[in-house]
Amino acid sequence: MSNITKIKVLGMPLHIFALITVIMGIIVMSDILPDNMIGALLFAMVFGSVAGWIGDHIPIWKDWFGGGMLFTVLAAGAFFTFKLIPDGVIETVSNFNNDMGFLNFYILVLLTGSILSVERRMLIKAFLGFIPVILGGVALAIGLAALFGLILGVGPVNAILDTALPVIGGGNGAGVVPMSKIWGEATGQDPSAWYGTAFATISLGNLFAVVCAAFLDRMGKKFPSITGEGQLIRGENSESADAKKEEAKVGMTEYAAGLAFALFMFVLSGYYADKISIINNLDLGFTIHQYAFMVIFCGLANVFNIIPSEIRAGTKKVQEFFVKHMSLPLMVTVGITMDLNDFTKVFSFEKIVIVMVVVLGTIIGTVAVGRLFNFYPVEAAITAGLCMANGGGSGDVQVLGASNRMGLMPFAQISSRIGGALILVIASVLFGLWL
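A quick note: this is a predicted structure, and the numbers were derived from the prediction, not measured. As a convention, each chain's residues are numbered from 1 in the sequence order in which they are written. With the structure being a predicted model, the display of local features is reserved for residues of pLDDT at least 70 and the display and counting of side-chain atom pairs for 80 or more, all residues being used for whole-chain, interface and lining totals. Only hydrogens and water are removed before side-chain values are computed, so all heavy atoms of the structure are retained for them.

Undergrad: What's the story with the layout of surface pockets in this structure? I'm lost.
TA: Take a probe with the size of a water molecule and roll it over the atoms, and the empty space left behind shows itself. The way it works is a 1 Å grid over only the protein atoms, where trapped points that fit a 1.4 Å probe form a cavity and open points with protein on both sides within 12 Å along at least five of seven lines form a pocket, and then any residue with an atom within 4 Å of a point lines it. Grid points are joined across faces, edges and corners, and a volume is the space filled by probe spheres set on the points. Estimated volume of the largest pocket: approximately 760 Å³. Residue lining of the largest pocket: 32 residues in total, with Leu-103, Asn-172, Val-334, Gly-391 and Ser-394 positioned closest to the centre. The way it works is that DSSP assigns letters per residue, a run of H or I at least four long becomes a helix, a run of E at least two long becomes a strand, and they are numbered from the N terminus. Those elements that place two or more of their residues in the lining of the largest pocket are helix H6 (87-97), helix H7 (102-116), helix H10 (172-187), helix H11 (192-222), helix H14 (290-303), helix H16 (327-335) and helix H19 (393-402). Here the lining of the largest pocket gets 4 residues from one element, more than from any other, and that element is H11. Of the residues in the lining of the largest pocket, the class split is 11 nonpolar, 18 polar and 3 charged. Each pocket or cavity is described by its volume, and for the second largest pocket that value is around 570 Å³. Gly-52, Asp-56, Met-69, Lys-324 and Leu-328 are the residues nearest the centre of the second largest pocket, which is lined by 26 residues in total. Broken down by secondary-structure element, the contributors of at least two residues to the lining of the second largest pocket are strand S1 (8-9), helix H3 (37-55), helix H4 (61-64), helix H5 (67-81), H11, helix H15 (309-325), H16 and H19. Residues are grouped as follows: Ala, Val, Leu, Ile, Met, Phe, Trp, Tyr, Cys and Pro are nonpolar; Asp, Glu, Lys and Arg are charged; all remaining types, including Gly, are polar. Residue composition of the lining of the second largest pocket, by class: 9 nonpolar, 9 polar and 8 charged.

Undergrad: Looking at this structure, I do not really get the packing of aromatic side chains. What am I missing?
TA: Note on aromatic pairs: each is described by the distance of the centres and the angle between the planes. Between 30 and 60 degrees the pair is tilted, below 30 it is stacked and above 60 it is edge-to-face, where a pair is any two Phe, Tyr or Trp rings, Trp via its six-membered ring, whose centres lie within 6.5 Å. In the structure shown here, the tally under the stated rule is 19 aromatic pairs. For the pair Phe-47 and Phe-79, a centre-to-centre distance of 5.0 Å together with 90 degrees between the ring planes defines the contact as edge-to-face. Taken together, the residues span a long stretch of sequence, with Phe-47 in helix H3 and Phe-79 in helix H5 at a distance of 32 residues. Note on Phe-79: relative accessible area 28%, which makes it partly exposed. Put simply, the rings of Phe-105, Tyr-106, Phe-321 and Phe-322 touch in pairs and so form one group of aromatic residues. Working rule: Lys NZ or Arg CZ, within 6 Å of ring centre, within 35 degrees of ring normal, means a charge sits over the ring. Sitting over the face of the ring of Phe-80, Lys-83 holds its NZ or CZ atom 4.9 Å from the ring centroid. Relative accessibility decides the category of a residue: with a 1.4 Å probe and only protein chains considered, values under 20% of the type maximum give buried, values over 50% give exposed, and everything between is partly exposed.

Undergrad: How should H16 be read in this particular structure?
TA: Within H16, 8 of the 9 residues are buried, which leaves it mostly tucked inside the rest of the structure. All buried positions along H16 are accounted for by Ser-327, Pro-329, Leu-330, Met-331, Val-332, Thr-333, Val-334 and Gly-335. Contacts from the buried residues of H16 go to H3, H5, H6, H7, H15 and H19. Here a residue-residue contact requires only that any non-hydrogen atoms of the pair lie within 4.5 Å.

Undergrad: What exactly am I supposed to notice about the nonpolar core here?
TA: A general trend in soluble globular proteins is that nonpolar side chains are found buried together. Nonpolar core, defined: a set of buried Ala, Val, Leu, Ile, Met, Phe, Trp, Tyr and Cys residues in which side-chain atoms within 4.5 Å join the residues together. Among the nonpolar cores identified, the biggest contains 127 residues, and Phe-43, Leu-165, Leu-386, Val-397 and Phe-431 are the most heavily contacted of them. Take this core: its biggest share by element is 12 residues, from H11.

Undergrad: I'm lost on a negative patch on the surface in this one. Help?
TA: A cluster of acidic residues, Asp-31, Asp-35, Asp-87, Glu-91 and Asp-99, forms a negative patch on the protein surface. Inspection of the secondary structure puts Asp-31 in the loop between helix H2 (14-29) and H3. In this structure Asp-31 comes out as partly exposed when scored by relative accessible area, which is 41%. Residues forming no salt bridge and having over 30% relative accessible area are the ones grouped into patches, like charges within 9 Å of each other and nonpolar side chains (Val, Leu, Ile, Met, Phe, Trp, Tyr) within 5 Å. Per-residue accessibility takes into account occlusion by the displayed protein chains alone, with areas from the Shrake-Rupley method and a 1.4 Å probe. The term salt bridge refers to a pairing of a side-chain nitrogen on Lys or Arg with a carboxyl oxygen on Asp or Glu at a separation within 4 Å. We treat Lys and Arg as the positive residues and Asp and Glu as the negative residues; His and chain ends play no part in the count. For charged residues, the charge sits on one atom: NZ in Lys, CZ in Arg, CG in Asp, CD in Glu.

Undergrad: What's the story with the side chain of Gln-319 in this structure? I'm lost.
TA: Checked against the element boundaries, Gln-319 lands in helix H15. Discounting chain neighbours no more than four positions away, the residues touching Gln-319 are Val-109, Leu-110, Gly-113, Ser-114 and Gly-407.

Undergrad: Help me understand empty space enclosed by the protein in this model?
TA: Using the criterion set out here, one finds 1 cavity of 30 Å³ or more in the structure. Quantified by volume, the largest cavity comes out at close to 40 Å³. The wall of the largest cavity is formed by Leu-70, Val-73, Leu-74, Ser-203, Asn-206, Leu-207, Val-210, Met-338, Phe-343 and Gln-398. Elements that contribute at least two residues to the lining of the largest cavity include exactly H5 and H11. Looking at the lining of the largest cavity element by element, the count peaks at 4 residues for H11. Grouping the amino acids of the lining of the largest cavity by side-chain chemistry returns 7 nonpolar, 3 polar and no charged.

Undergrad: Quick question: what am I supposed to make of the side chain of Thr-81 here?
TA: Assignment of secondary structure puts Thr-81 in helix H5. Owing to a relative accessible area of 11%, Thr-81 belongs among the buried residues under this scheme. A distance of 2.8 Å separates the side chain of Thr-81 from the backbone nitrogen of Leu-340, its partner in a polar contact. Setting aside chain neighbours within four positions, we find Thr-81 in contact with Met-338, Asp-339, Leu-340 and Asn-341. Counting of polar contacts relies on pairs of N or O atoms within 3.5 Å, with two restrictions inside protein: one atom must be capable of donating a hydrogen and the other of accepting it, and residues adjacent in sequence are counted only when both atoms are side-chain atoms.

As structure tokens, this is what we get:
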């Protein structure tokens, strides 16, 4: 009994958290949850803590299938799919993530904290090698899709256009949506005819990617030589000396400065992407997402050492807080509108096999090319590989969460945003040639 009294959830004694959970359940089922950020965040924190604890204690699942992170996403999706909570609660939580920008908030904090705390020399080496590593995964993924499309009778062209490109296209909003418009222009048909199946395809690809991420994390623990435990390049110290030196001095003022700087970088990158970027204003059929510019701007700020060390340390501490306490609530907001019935739209043997080999192709290709740049296999496969084969920004969070490598968010965003933009260019060429 004494051991139970020592258990804490969200920093609270278990009996206090249990009482809050019961009362929250009554409020939620009565559909009187506050229709604002307060209600959404409280629901996400309570639901995420319960689901995360369950997922982290299921045998086999906790070690090989993403534990609490993936379980929380699927549990939230099940509550949505089977209408286990009122529609008003679902709308409140969904709006908090999308309209109020909770996902954006989480990602921008991780980006600034991760990039500004990395040693400058290592950051340059990692960025210079990252795009070639992405392309290695893309090439093998497309090649395997063509091969298995031929073997399974689907046809190489259909396997590439209808499966490989959606899976590695950068998610929904920045990937499949503009890709469907490109498809519509090439065929003269309604883009929605292609979009529905493509969206289901990326949902299945995202699920495989998250499971593979958890598997790679487990393999890294089994074979320590293949992983840097969140460090991308072999033989390098990822954290800068300045960040280490200032870490002990971080107080509330530095937290506030770090958070303000992260918000500023997000707004600046959005302004640049919308108003200044030449690429985004040339009507090329694709655009570069503001997160990609944010990665570049933060990287330049680090390389040229223009940000005071105490602010850099503050961004790192804010990042650590979000990773520790806001990851499970984010999984709830991501999964709360995930319709599990979407997976049934791609339940053909051929489609499932091709999606699987595309995801595996991104892993194998990035590991092979990553060796040339001295990247750790596990980290290369997760960032340059699986973050090309997931559901975009929310998929990045799920993949990094399942693999316990949230600090690699900057590289995940390069894959989803810059890599995704490259896939749109490839798609526009292939749709024009083959349709």
